[in-house]
Amino acid sequence: MWFRPERNGLNGIVIGVCRVNHRKFQCLIFLISCLLGSLVSGCIEPSRQSIVWQDNSVERVWPDPPDKPRIRYLRSLTGLQDLRKQKKTPGIMGWLLGERKDDLPLLSPFAVAVSNSEIVWVADTGTQMLYRLDLARQSVDYFQELAGQPLVSPSGIAVDDQRQRVYLADSALGEVFVMDLEGNYLASWKPQGGFKRPVGLAIDNLGRLLVSDVLDGSVLVFDQQGETVDRIGSKVNPDGRFNRPLSVAVGPNGEVLILDAMSFRIEVQSAQGELIGTIGQLGDAAGFLARPKGLAVDREGHVFISDAAFDNIQIFDLAGKLLMYFGGAGNQPGQFNLPAGLYVDREGRLFAADSYNHRVQVFKILQE
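Residues numbered from 1 in each chain as written. Predicted model: local features only at pLDDT ≥ 70, side-chain atom pairs only at ≥ 80, totals over all residues. Heavy atoms only, no water.

**Side note on unusual backbone geometry**
For the bond running from Trp62 to Pro63, omega is -10°, close enough to zero to count as cis. With omega at 10°, the peptide bond leading from Pro65 into Pro66 counts as cis. Take Pro66: it is sitting in the loop between strand E3 (61-62) and strand E4 (71-77). In this structure, Asn116 is a non-glycine residue whose phi angle is positive, near 55°. Structurally, the position occupied by Asn116 is in the loop between strand E5 (109-115) and strand E6 (119-124). The partly exposed category is assigned to Asn116, whose relative accessible area is 30%. In this structure, Phe264 takes a positive phi of about 60° despite not being glycine. Looking at the secondary structure, you find Phe264 in the loop between strand E20 (256-260) and strand E21 (265-269). On the accessibility criterion, Phe264 (18% relative accessible area) is buried. (Helix = DSSP H or I, 4+ residues; strand = E, 2+ residues; numbered from the N terminus. Buried < 20%, exposed > 50% of the residue type's maximum accessible area, 1.4 Å probe, protein only.)

In structure tokens, the structure reads:
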């Protein structure tokens, strides 16, 4: 068995202004010819750095020894301060352009996704912003608006690396925004008649966008041109509607998994829309769900579910068997306070939006 249960109960503009002090103006003019090669719109482009995934000051794995470790804590992300390896003296550019004050840390991250295994996108309902954390360049972009529309409740993210797209759902606006991987606005999508409350997003094996509409009780399917081509309903509930579909994910063989929050289960359907089974049920013990929030599936078919009541992450197989769980209430590495969105990247790293701890925690899924 791969796991075993533990035995414990602005639209793309970086906020931050490069300022020129009047007393430094003459010196700036003198040096400007030397800086033209490296200055772009008044700011130097950050250089690429090797990404440090492991926080060497923390060694935490699950399950506890002597059991074989299956999950390893890597690091946490709260904002720009976590991307800079060390504080550096301002140097000549800092003297000329003034101090940059562009760090707006996460407040209530709700959803997370990753592009190109180095750019972390975070939808933060507290700051009402979309964050683009470029780990290689150690920089952050903050998006307060898209296409002139201020964000209100950014709550879902999906990344399509193959087609170079990022999708953002704003549940309050009833919009799904389409961007390129730099965060440039491309389009807005909605079905005929509009969304009621779009939240969870996922990309299926055909490159189509799946959008869970919480109040509509369904998952809508958009083709690559933004046309609605299907509507997925429940195969379990008698009325054919989900009872608050909060999140959606796609399995390794095209399975569609829908987190039906008020039914306290995950409904698993095949790529052809046939019911495969369900995962979880209401309860207060391991293997049960009380307040499920986030959902992700890795390439091996392991299903990760965050629960804001238990403050943990449970891991199941696609047949609904509990494999293990980890976490607990607190603010230490591997502990949670209202965990929400989850994402597994192609390198087997699990990203968890730890909402009330104001951070995204990163873990490594350890293979055999």
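**Considering the layout of surface pockets**
Taken as a whole, the second largest pocket holds about 1,200 Å³ of empty space. If you trace the second largest pocket, you find 49 residues lining it, with Val159, Ile203, Val297, Tyr343 and Val344 closest to the centre. Among the secondary structure elements, those contributing two or more residues to the lining of the second largest pocket are E5, strand E11 (154-160), strand E15 (198-203), strand E19 (245-250), strand E23 (292-297), strand E27 (339-344) and strand E29 (359-365). The biggest single contributor to the lining of the second largest pocket is E11, with six residues. Residues belonging to the lining of the second largest pocket are distributed by class as follows: 24 nonpolar, 13 polar and twelve charged. (1 Å grid on protein atoms, 1.4 Å probe; cavity = no way out; pocket = protein on both sides within 12 Å on 5 of 7 lines; lining within 4 Å. Points joined across faces, edges and corners; volume = space filled by probe spheres on them. Nonpolar A, V, L, I, M, F, W, Y, C, P; charged D, E, K, R; others polar.)

**Thoughts on the confidence of the model for the protein chain**
For the protein chain, mean pLDDT is 87; residues scoring 70 or higher make up 82% of the total. When the criterion is pLDDT under 50, residues 86-100 qualifies, and its contacts beyond four places in sequence or with other chains add up to 26 contacts. (pLDDT = per-residue confidence, 0-100. Contact = heavy atoms within 4.5 Å.)

**A word on the side chain of Gln314**
Tracing the backbone shows Gln314 in strand E25 (residues 312-316). Among the polar contacts listed, one links the side chain of Gln314 to the backbone nitrogen of Gly287, at a separation of 2.7 Å. Aside from chain neighbours lying at most four places away, what touches Gln314 is Ala286, Gly287, Phe288, Leu289, Val303, Phe304, Ile305, Leu322, Met324 and Tyr325. (Polar contact = N/O pair within 3.5 Å; in protein donor to acceptor, adjacent residues only side chain to side chain.)

**Remarks on the packing of aromatic side chains**
Inspection of every chain in the model, using the stated rule, returns 13 aromatic pairs. Note on Tyr131 and Tyr142: the rings are 5.2 Å apart at their centroids and 70° apart in plane angle, and the pair reads as edge-to-face. One end of the pair, Tyr131, is in strand E7 (residues 129-134); the other, Tyr142, is in strand E8 (residues 139-143), with eleven residues separating them in the sequence. The class for Tyr142 is buried, based on a relative accessible area of 0%. Taken together through their ring pairs, the aromatic side chains of Trp62, Tyr73, Phe326, Phe336 and Phe363 make up a single cluster. The ring of Trp53 is capped by Arg349, whose NZ or CZ atom sits 3.8 Å from the centre of that ring. (Phe/Tyr/Trp six-rings, centres within 6.5 Å; stacked < 30°, edge-to-face > 60°. Lys NZ or Arg CZ within 6 Å of the ring centre and 35° of its normal.)

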